[in-house]
Amino acid sequence: MRKINSPVLFDANILMNFKGQLKFLFGFFENIIIHEQVFNEVVGQALKDELISVSDVSNIVYVEDKFPTDDVGKKLFEECDKELKDSFNIEDLKDLGEYKTLLYAKFNNVFILSSQDTTVWRFITESKYFKGLKCITVQDFAYLLSLNAKNKGDRKMARNLYKAFARVEHPFEYFKIYMERNDNEIPKFIEFENNRINNFQQLVQGYFNYYADTSYCDSKEIEYEISSLAGSNTGNCLSCIYSRIDKNNVDYSIRKCLFGYSLNSEKCSRIQESFFMRIRNRVKE
């Protein structure tokens, strides 16, 4: 059975999403860490009781704040504290669990946390001081289930779990391609999602820049044209997120490959990820 061996710091929303199934969830993790603030923040006594009940069979460690006391460490803490408070709502305690979790991870050599909060996803992607932290999402866990699947039913359960939490423009089949290209290293979902968003934006931007000096310059219209073509040209370069404008022959229906591969060549098949609709950007929630 494939498990996550590195210590993982769990956020409250992941625990709430698996209420009634924590024993099943924790069975795939060797070292589980939960901040006391997260335990106190978890909604409902039933979930707290469940956490206590699975402690005997799961390696759960509850931790409290532990920050540096030297001058250099204190200065770094101040900078990290400020960056967090600029992104999270601490005053009314709404995001206090996320705040405590991220600070603990930063100053206690924990490199993987687990969160389904897209504000956390965005933060660790763009952060100056917390960039480099990895985050296991439900989508990553679904892929872990598929790697451990023993039969068709297990694989279906994994796909259904993924589908329930992932946006429709990021299908499981392309997450699987991305994971296999990255040696099935978990977690990767946030990176996969960001990769698709960024590549779609680059594709759109190429046409937007070309038409910038003309009256025909509307990014929404460009997104519509590109997405419509992609939806009716599955398996074609026109539906691949790695296609780009051909400045020597500008036309929505004529593209070149970002990597210079030939359609359906061995290298093309290994990296090709299709899209069939507009890929939306993540916004702060």
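Scroll up to find the structure.
Residues numbered from 1 in each chain as written. Predicted model: local features only at pLDDT ≥ 70, side-chain atom pairs only at ≥ 80, totals over all residues. Heavy atoms only, no water.

**Q** Mind showing me how you'd approach the overall build of the chain here?
**A** In terms of helices and strands, the chain carries 13 helices and 7 strands. On the principal axes, the C-alpha backbone points of the chain span a range of 65 × 50 × 30 Å. Long-range contacts, defined here as pairs at least 24 residues apart, represent 68% of the contacts in the chain between residues at least 6 apart. For the chain, the exposed surface amounts to about 14800 Å²; the carbon and sulfur share of it is 48%. Within the chain, one finds 39 positive and 41 negative side-chain charges whose respective centroids are separated by 5 Å. (Helix = DSSP H or I, 4+ residues; strand = E, 2+ residues; numbered from the N terminus. Contact = heavy atoms within 4.5 Å. Areas by Shrake-Rupley, 256 points an atom, 1.4 Å probe, with all protein chains shown as cover. Lys, Arg positive; Asp, Glu negative; His and termini not counted. Charge placed at Lys NZ, Arg CZ, Asp CG, Glu CD.)

**Q** Honestly, the sheet that holds strand β5 (residues 134-136) in this entry has me stumped. Any pointers?
**A** Within a sheet, neighbouring strands are paired by backbone hydrogen bonds and run either parallel or antiparallel to one another. Overall, parallel pairing links the 5 strands, which are arranged β3-β2-β1-β4-β5 in an open sheet. In this open sheet, the two edge strands, each paired with only one partner strand, are β3 (60-63) and β5. This sheet shows a mean twist of 30° between the axes of neighbouring strands, independent of strand direction. (Pairing = 2+ DSSP bridges. Axes fitted to C-alpha atoms, helices over the stretch in contact; angles between N-to-C directions.)

**Q** In this structure, what is going on with the pattern of salt bridges? I would like to understand it.
**A** Where charged atoms from two side chains of opposite charge come close, those side chains can pair. Summed over the entire model, instances satisfying the criterion amount to 15 salt bridges. Residue Arg280 is joined to Glu169 by a salt bridge in which the shortest nitrogen-to-oxygen separation is 2.8 Å. Within this pair, whereas Arg280 is found in the segment after α13 (266-271), its partner Glu169 is found in the loop between α9 (152-165) and α10 (172-181), the two being separated by 111 residues in sequence. Overall, Arg280 belongs to the partly exposed group, its relative accessible area being 35%. (Salt bridge = Lys/Arg side-chain N within 4 Å of Asp/Glu carboxyl O. Buried < 20%, exposed > 50% of the residue type's maximum accessible area, 1.4 Å probe, protein only.)

**Q** What is the right way to read the packing of helix α5 (residues 71-87) against helix α6 (residues 96-107) from this model?
**A** For any two helices packed against each other, one specifies the crossing angle of their axes together with the interaxial distance. Look at α5 against α6: their axes get within 11 Å of each other, and the N-to-C directions meet at 150°. One way to sum up the angle between α5 and α6 is to call them roughly antiparallel. Read as a crossing pair, α5 and α6 show a hand that is right-handed. Counting all contacts with α5, which are made through Gly73, Leu76, Phe77, Cys80, Asp81, Leu84 and Lys85, the residues of α6 involved are Tyr99, Leu102, Leu103, Lys106 and Phe107. (Parallel < 35°, antiparallel > 145°, perpendicular 65-115°, else oblique. Left-handed = near helix turned anticlockwise from the far one by under 90°.)

**Q** I tried to follow helix α4 (residues 45-54) on my own but got confused; where do I start?
**A** Each turn of an α-helix holds 3.6 residues, which means side chains three or four residues apart point in the same direction. Within the span of α4, buried status applies to Leu47, Lys48, Glu50, Leu51 and Val54. Buried residues of α4 fall within an arc of 160° about the axis and therefore sit on the same side. For α4, the elements touching its buried residues are α1 (12-17), α2 (22-26), β2 (32-35), α3 (36-41) and β3. (Arc of directions from axis to C-beta.)

**Q** Explain α10 here, please?
**A** Where α10 is concerned, the buried positions are Phe172, Tyr174, Phe175, Tyr178, Met179 and Arg181. Elements that come into contact with the buried residues of α10 comprise α8 (138-147), α9, α11 (189-210) and α13. Just downstream of α10 lies Asp183, where phi reads positive at about 60°.

**Q** Mind showing me how you'd approach the pairing of β2 here?
**A** Two faces, one strand: in a regular strand the side chains alternate between the faces of the sheet. Covered by surrounding structure in β2 are Ile32 and Ile34 together with Ile33 and His35, the residues of both alternating faces. Sheet analysis places strand β1 (residues 8-10) next to β2, joined by 3 bridges and oriented parallel. Looking at the pairing, Val8 lines up with Ile32 of β2. Pairing analysis gives 4 bridges linking β2 to β3, with the strands arranged parallel. Looking at β3, one finds that Ile34 is bridged to Tyr62.

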